Amino acid sequence: MTKLDGSAKRALAWSDDPQISIERCTPIEARAQYLDSFAKSQWPLEEVDETWEERIGGIRLKIWRGRGALRQGAPALLYLHGGGWVIGAPETHEDICRSLANAVGAVVVSPDYRLAPDHPFPEALGDCARALVWMKDQSDILGIDPARIIVGGDSAGGNLAAVIALLARDGDIPGVIGQVLIYPVTDQQQALDSYGRYAEDFGLTAAAMTWFRDHYLPQAASRSDWRASPLGAASLAGVAPAFVVLAGHDVLFDEGAAYAKRLELEAQATCRIWPGQIHGFVSMGRAIPEAKEALEAIAAAWRSMDPAIRP
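Residues numbered from 1 in each chain as written. Predicted model: local features only at pLDDT ≥ 70, side-chain atom pairs only at ≥ 80, totals over all residues. Heavy atoms only, no water.

Visitor: Let's hear about the overall build of the protein chain: which residues, and what values?
Guide: Helices and strands together make up the secondary structure of the protein chain, namely ten helices and eight strands. Relative to the compact-globule value of 19 Å for 311 residues, the protein chain shows a C-alpha radius of gyration of 18 Å, a close match. In terms of principal-axis extent, the alpha carbons of the protein chain reach across some 45 × 40 × 40 Å. When burial is assessed residue by residue, the protein chain has 58% of its 311 residues classed as buried. The contacts in the protein chain between residues at least 6 apart in sequence include a share of 78% that link residues at least 24 apart. On the protein chain, roughly 12200 Å² of surface is accessible, and the fraction owed to carbon and sulfur atoms is 53%. Mean positive and mean negative side-chain charge positions of the protein chain (29 and 40 charges, respectively) differ by 3 Å. (Helix = DSSP H or I, 4+ residues; strand = E, 2+ residues; numbered from the N terminus. Rg over C-alpha atoms; globule rule 2.2 N^0.38 Å. Buried < 20%, exposed > 50% of the residue type's maximum accessible area, 1.4 Å probe, protein only. Contact = heavy atoms within 4.5 Å. Areas by Shrake-Rupley, 256 points an atom, 1.4 Å probe, with all protein chains shown as cover. Lys, Arg positive; Asp, Glu negative; His and termini not counted. Charge placed at Lys NZ, Arg CZ, Asp CG, Glu CD.)

Visitor: Describe empty space enclosed by the protein, naming the residues involved and giving the relevant values.
Guide: Summed over all chains, the structure comprises one cavity of 30 Å³ or more. Its volume calculated, the largest cavity comes out at about 40 Å³. Elements with a contribution of two residues or more to the lining of the largest cavity: strand 3 (74-80), strand 5 (144-154) and helix 10 (290-305). In terms of residue count, strand 5 provides more of the lining of the largest cavity than any other element does, three residues in total. When the residues that make up the lining of the largest cavity are grouped by side-chain class, the tally is seven nonpolar, two polar and no charged. (1 Å grid on protein atoms, 1.4 Å probe; cavity = no way out; pocket = protein on both sides within 12 Å on 5 of 7 lines; lining within 4 Å. Points joined across faces, edges and corners; volume = space filled by probe spheres on them. Nonpolar A, V, L, I, M, F, W, Y, C, P; charged D, E, K, R; others polar.)

Visitor: Just give me the short version of the pairing of strand 3, but keep the residues and values in it.
Guide: Within a regular strand, side chains alternate between the sheet's two faces. Across the seven residues of strand 3, seven count as buried, placing the element largely inside the fold. Across three bridges, the pairing between strand 3 and strand 4 (residues 107-111) is parallel. For A76, the partnering residue across the bridge sits in strand 4 and is V107. In terms of handedness, the path from strand 3 via helix 3 (residues 94-104) over to strand 4 forms a crossover that is right-handed. (Pairing = 2+ DSSP bridges. Right-handed = clockwise from strand over helix to strand, strands pointing away.)

Visitor: Tell me about the layout of surface pockets, and name the residues and values.
Guide: One number sums up the size of the second largest pocket: a volume of about 320 Å³. Taken together, 17 residues form the lining of the second largest pocket, with E46, D95, S99, K292 and L295 sitting closest to its centre. Put simply, the parts of the chain that give the lining of the second largest pocket at least two residues each are helix 3 and helix 10. A class-by-class count of the residues in the lining of the second largest pocket yields nine nonpolar, three polar and five charged.

Visitor: Quick one: what's the story with unusual backbone geometry, residue by residue and with numbers?
Guide: A116 connects to P117 through a cis peptide bond whose omega is 5°. Secondary-structure assignment places P117 in the loop between strand 4 and helix 4 (123-137). At the junction of F121 and P122, the peptide bond is cis and its omega measures out at 5° in the coordinates. One can find P122 in the loop between strand 4 and helix 4.

Visitor: Run through the nonpolar core, naming residues and quoting values.
Guide: M135, L160, I164, F212, F281, V282 and W302 are the most contacted members of the largest nonpolar core, which has 109 residues in total. With ten residues, the single largest contributor to this core is helix 6 (residues 156-169). Ignoring any residue separated from it by four or fewer positions in sequence, one finds F212 in contact with I22, G83, G84, W85, V86, I87 and L204. (Core = buried A, V, L, I, M, F, W, Y, C linked by side-chain atoms within 4.5 Å.)

Visitor: How would you sum up the packing of helix 4 against helix 6? Please name residues and give values.
Guide: With their axes 10 Å apart at the nearest point, helix 4 and helix 6 run at an angle of 60° to one another. With respect to helix 6, the axis of helix 4 lies oblique. For the element pair helix 4 and helix 6, the recorded crossing hand is right-handed. In this structure, helix 4 uses A124, L125, C128, A129 and L132 to contact helix 6, whose residues at the interface are L160, V163, I164 and L167. (Axes fitted to C-alpha atoms, helices over the stretch in contact; angles between N-to-C directions. Parallel < 35°, antiparallel > 145°, perpendicular 65-115°, else oblique. Left-handed = near helix turned anticlockwise from the far one by under 90°.)

Visitor: Tell me about the sheet that holds strand 3, and name the residues and values.
Guide: Across the sheet, which stays open at both edges, the eight strands sit in the order 1-2-4-3-5-6-7-8 with mixed pairing between neighbours. Each of the sheet's edge strands pairs with one partner strand only, and the pair in question is strand 1 (50-56) and strand 8 (269-278). On average, each strand axis in the sheet is tilted by 20° relative to the strand beside it, whichever way the strands run. For strand 2 (residues 59-65) and strand 4, the ladder comprises five bridges, and the chain directions are antiparallel. For L61, the partnering residue across the bridge sits in strand 4 and is P111. Against the sheet, helix 3 contacts strand 1, strand 2, strand 3 and strand 4, and its axis sits at roughly 40° relative to strand 2.

Visitor: I'd like to hear about the pattern of salt bridges, residue by residue, with values.
Guide: As enumerated under the stated definition, the model contains 21 salt bridges in all. When salt bridges that share partners are traced, they join E53, R60, K62, E91, E94, R98 and D112 into one network. (Salt bridge = Lys/Arg side-chain N within 4 Å of Asp/Glu carboxyl O.)

Visitor: Go over the pairing of strand 2, please, and point to the residues and values.
Guide: Extensive coverage of strand 2 is indicated by the burial of seven of its seven residues. Here strand 2 shows two buried faces, one formed by I59, L61, I63 and R65 and the other by R60, K62 and W64. For strand 1 and strand 2, the ladder comprises seven bridges, and the chain directions are antiparallel. Paired with E50 across the two strands is R65, which belongs to strand 2.

In structure tokens, the structure reads:
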């Protein structure tokens with residue numbers, strides 16, 4: 001097994017401050033604990049040209065226009081934040097959104113989708129789909145090209161992004177030209193080997209993942225629905241080109257690798273693995289310099305999906 005990177009060890013040491021294990025928290029406690037702690041591992045937020053908020057019904061959208069982005073016809077990203085469908089918000093992943101908006105000269109939109117257990121599967125997915133429809137409908141106001149939207153997300157957000165891409169392929173929602181999946185959840189059965197290899201001591205634990213899943217998918221029968229477990233989709237043919245980012249020391253590694261392999265065989269995909277890294281490393285830039293490397297790789301992949309992006 002590849003050794004854990006020194007930067008990952010440093011990040012894990014920083015996270016050793018006394019906290020209640022998430023599986024022992026109520027959802028409200030878990031959200032508060034996360035909001036109190038996430039920023040200390042992130043670099044200060046990059047300046048962007050503009051940031052504002054909009055609403056679709058009761059759903060808040062946070063929007064960033066990157067430095068140098070066109071005022072009309074800019075490329076765009078629908079970014080879906082991680083947090084196990086129970087915790088998190090656009091602000092907890094704002095570092096990623098701002099960095100990519102600047103790197104590509106783009107507009108990034110992140111919905112504050114409704115969280116479980118109050119809003120279990122498939123309500124978060126529905127909110128994300130509505131956000132994509134809104135982006136297409138409001139492209140003039142956003143200053144984006146509606147034919148040049150990609151979807152992306154990390155962890156639970158990577159799960160939602162993968163499913164959005166499949167729904168877009170099927171014509172159920174507007175199309176996307178690419179997808180970025182950062183250590184995505186793709187199999188809700190939680191039975192692959194990495195759940196044993198990295199069950200504890202690597203940040204995200206197997207017990208925490210079960211806690212998240214059980215809040216999002218309280219009905220066991222829903223866990224085999226491909227909209228919850230996209231690895232179980234009958235076919236990935238025709239889905240938008242994908243860039244998959246994986247951390248080698250992650251309970252989600254095997255399901256992410258299996259999904260990337262299917263994308264490579266059935267559609268079009270590139271997978272980059274950071275073997276010595278842990279779940280969440282892309283949002284840990286203060287401790288983990290490899291986060292910047294991953295963000296640069298994601299920006300390069302986005303450019304390859306959209307040849308119209310200016311150098």
